[in-house]
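Topology and contacts: notes
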Amino acid sequence: MTIWGNPPRAAARWDRLARVTEPKLTLYAEPSWVSPWVFHVMIALEEKRLPYTLEVIWGEELHRDDIRERAIIDKVPILVHEDAWITESIAISEYLAERFPVPDHPRLFPENLVQRARARQIMSALRTGFFAMRQERPTTGIFGVPEGKPMSKEAQAEADELVRIASALIRPGATTMFEEWCIADADLALALMRLVAVGDPVPQAITDYTTAQWRRPSVQKFLTYVPTRR
Ligand SMILES: N[C@@H](CCC(=O)N[C@@H](CS)C(=O)NCC(=O)O)C(=O)O
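In every chain, residue numbers begin from 1 and rise along the written sequence. Given that this is a predicted model, residues contribute local features only at a pLDDT of at least 70 and side-chain atom pairs are listed and counted only at 80 or more, while totals for whole chains, interfaces and linings are drawn from all residues.

The next subject is the nonpolar core. Buried Ala, Val, Leu, Ile, Met, Phe, Trp, Tyr and Cys residues form a nonpolar core when they are connected through C-beta atoms within 7 Å. Burial in this document is a count-based property: other C-beta atoms within 10 Å of a residue's C-beta are tallied, and the residue is buried at 20 or more, exposed at 12 or fewer, or partly exposed in between, with C-beta positions derived from the backbone. Ile183 and Leu192 are the most contacted members of the largest nonpolar core, which totals 53 residues. Only DSSP runs of H or I covering at least 4 residues are called helices, and only runs of E covering at least 2 are called strands; the numbering of each starts at the N terminus. The element best represented in this core is helix α9 (residues 183–196), accounting for 11 residues. Throughout, the edges of the domains are those of an automatic or database domain assignment. When residues are assigned to domains, this core turns out to be shared by domain 1 (7–99) and domain 2 (113–225), each giving three or more. Among residues more than four places away in sequence, those in contact with Ile183 are Ile43, Ala44, Ser93, Leu108, Phe109 and Ala119. A pair of residues counts as a contact when their C-beta atoms, built from backbone coordinates, are separated by no more than 7 Å.

Let's shift gears to the site of the ligand. Nearness here has a simple definition: the residue's C-beta atom, placed using the backbone, must lie within 6 Å of the molecule or strand. The environment of the ligand is made up of Glu30, Ser35, Trp37, Leu62, Lys75, Val76, Pro77, Glu88, Ser89 and Arg127. Among the residues forming the shell around the ligand, the class breakdown is 4 nonpolar, 2 polar and 4 charged. For this classification, the nonpolar set comprises Ala, Val, Leu, Ile, Met, Phe, Trp, Tyr, Cys and Pro, the charged set comprises Asp, Glu, Lys and Arg, and every other residue, Gly included, is treated as polar.

With that out of the way, let us pick up the environment of Gln213. With respect to the helices and strands, the residue Gln213 is situated in helix α10 (residues 204–214). Between the C-alpha atoms of Gln213 and Trp181, which are 32 residues apart in sequence, the distance is 9.2 Å. Among all residues touching Gln213, those that are not within four sequence positions of it are Asp185, Ala186, Ala189 and Val219.

Structural elements are reduced to axes, namely lines fitted to C-alpha atoms, with helices fitted over the stretch in contact, and the angle between N-to-C directions of any two is expressed from 0 to 180 degrees. Between helix α5 (residues 113–128) and α9, whose axes approach to 9 Å, the crossing angle comes to 35°. Both α5 and α9 take part in a crossing whose hand is left-handed. Counted together, Ala119, Ile122, Met123 and Leu126 of α5 and Ile183, Ala184, Asp187, Leu188 and Ala191 of α9 form the full contact between these two elements. In this scheme, a crossing is called left-handed if the near helix is turned counterclockwise away from the far one by less than a right angle; it is called right-handed if the turn is clockwise.

Our next topic: the sheet that holds strand β1 (residues 25–29). For two strands to count as paired, DSSP must find a minimum of two bridges between them. Strands sit in the order β2-β1-β3-β4 across an open sheet of 4 strands; the sheet is mixed. Every other strand in the sheet has two partners, leaving β2 (53–56) and β4 (84–87) as the edge strands with one partner each. Adjacent strand axes in the sheet meet at a mean angle of 20° when their direction is disregarded. With 4 bridges joining them, β1 and β2 adopt parallel strand pairing. In the strand pairing of β2, Tyr28 is matched with Glu55. Packing of helix α2 (residues 36–47) onto the sheet brings it into contact with β1 and β3 (78–81), and relative to β1 it is tilted by some 155°.

In terms of domain boundaries, the chain breaks down into domain 1 (7–99) and domain 2 (113–225). Placing the centre of domain 1 and that of domain 2 at their C-alpha centroids yields a distance of 24 Å. Residue-level contacts link 12 residues of domain 1 with 14 residues of domain 2. When contributions to the side of domain 1 that touches domain 2 are tallied by element, the ones reaching two or more residues are α2 and α4 (89–99). Tallied by class, the residues present in the side of domain 1 that touches domain 2 amount to 8 nonpolar, 2 polar and 2 charged.

Further remarks concern α4. Restricting attention to buried positions, one finds in α4 the residues Ser89, Ile92, Ser93, Leu96 and Ala97. Relative to the axis of α4, the buried residues are bounded by an arc of 135° and lie together on one face. Elements that come into contact with the buried residues of α4 comprise α2, β3, β4 and α9. Picture the helix axis, draw a direction to every C-beta atom, and the arc is the one those directions span.

Attention now moves to the pairing of β4. Bridge count between β3 and β4: 4 bridges; the pairing is antiparallel. Within β4, the position partnered with Val80 by the bridge is Trp85. The antiparallel hairpin formed by β3 and β4 contains 2 residues in its connecting segment, where Glu82 sits at a positive phi of about 50°.

Now for the packing of α9 against α10. At their nearest, the axes of α9 and α10 sit 9 Å apart, and the two run at 120° to each other. Here α10 runs oblique to α9, going by the angle between their axes. The handedness of the crossing between α9 and α10 is left-handed. Along its contact with α9, which presents Asp185, Ala186, Ala189, Leu192, Met193 and Val196, the element α10 presents Ile206, Thr207, Thr210, Gln213 and Trp214. Taken together, the residues of the contact of α9 with α10 break down into 7 nonpolar, 3 polar and 1 charged. By definition in this entry, angles of less than 35 degrees are roughly parallel, angles greater than 145 are roughly antiparallel, angles of 65 to 115 are roughly perpendicular, and the rest are oblique.

Rendered as C-alpha cells:
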C-alpha cells in the first residue's frame, strides 16, 4: 500500500521516518550554568531548531580517559553528533552551520562574507581579550546575584572598549548587529549583559539591543536551566 492510501498510517510512517532521520545530537553542559561557551552552543542549537539531548558533566567525569580520547580537548561545551565529539564553542557552531546548512535550517552566520568575517572577528575578540572586565564582571552577575563593585582601571578601560565596539556596530534602535540575527549577536549581548545586569552605565541604544537579544526564545531557553536561587 502506498503511503497516500491510508492517511493515519501515512502520518505514522512519516513520523517514524522523521525520527530515524532526526540528527542524534547531545550537548554536554556544566552544572552551574554560568559558562558563556555553553551559552553560545545552546543558542546555536536552539536558533537552528535542532533537537538535542542535554547532559551535565563536570569534575573528574569530564576528564575521563574515554572523553579525552573522543573529544581531544576535555572541556564543556561538548557537542556529540553521532560518533563525532567536538569541543570549543566556535568549532561547534561552525560545525552546526556547515552540517545543517541553509535553506533547510536557519542561518547562524551572515550570508555576506564581510559581515561573516566581522561576526568571527567579534567572537574571536570576546574569547581572547577583555580578561579584566570578565573577571570583575563575571557571568554569575548575569545568571546569579549581580555584584556591581567599582571596576579597576584596567577592567573599566576594557568595558569602555566593549561599549565602543558595540556602538560602532549597532545602529540606534537596531536589535541585531546586521540586518539578520547571527550567532555573534549572542556573544556580544552576553558580554554587554555583564555590564547591563549590574547597572554599569551603558548607552541606551546598547542596553536596548542587549535586552532585545535577551528576549529571544533561544536565550530564554538557556535561562530556564539557570537555578533561580544561588
Ligand atoms: N575556548 C573554549 C572554552 C571552554 C571552557 O573553558 N570550558 C570550561 C567551562 S566554562 C571548562 O570546561 N572547564 C573545565 C576544566 O577545564 O576542567 C570554548 O570556547 O568552548
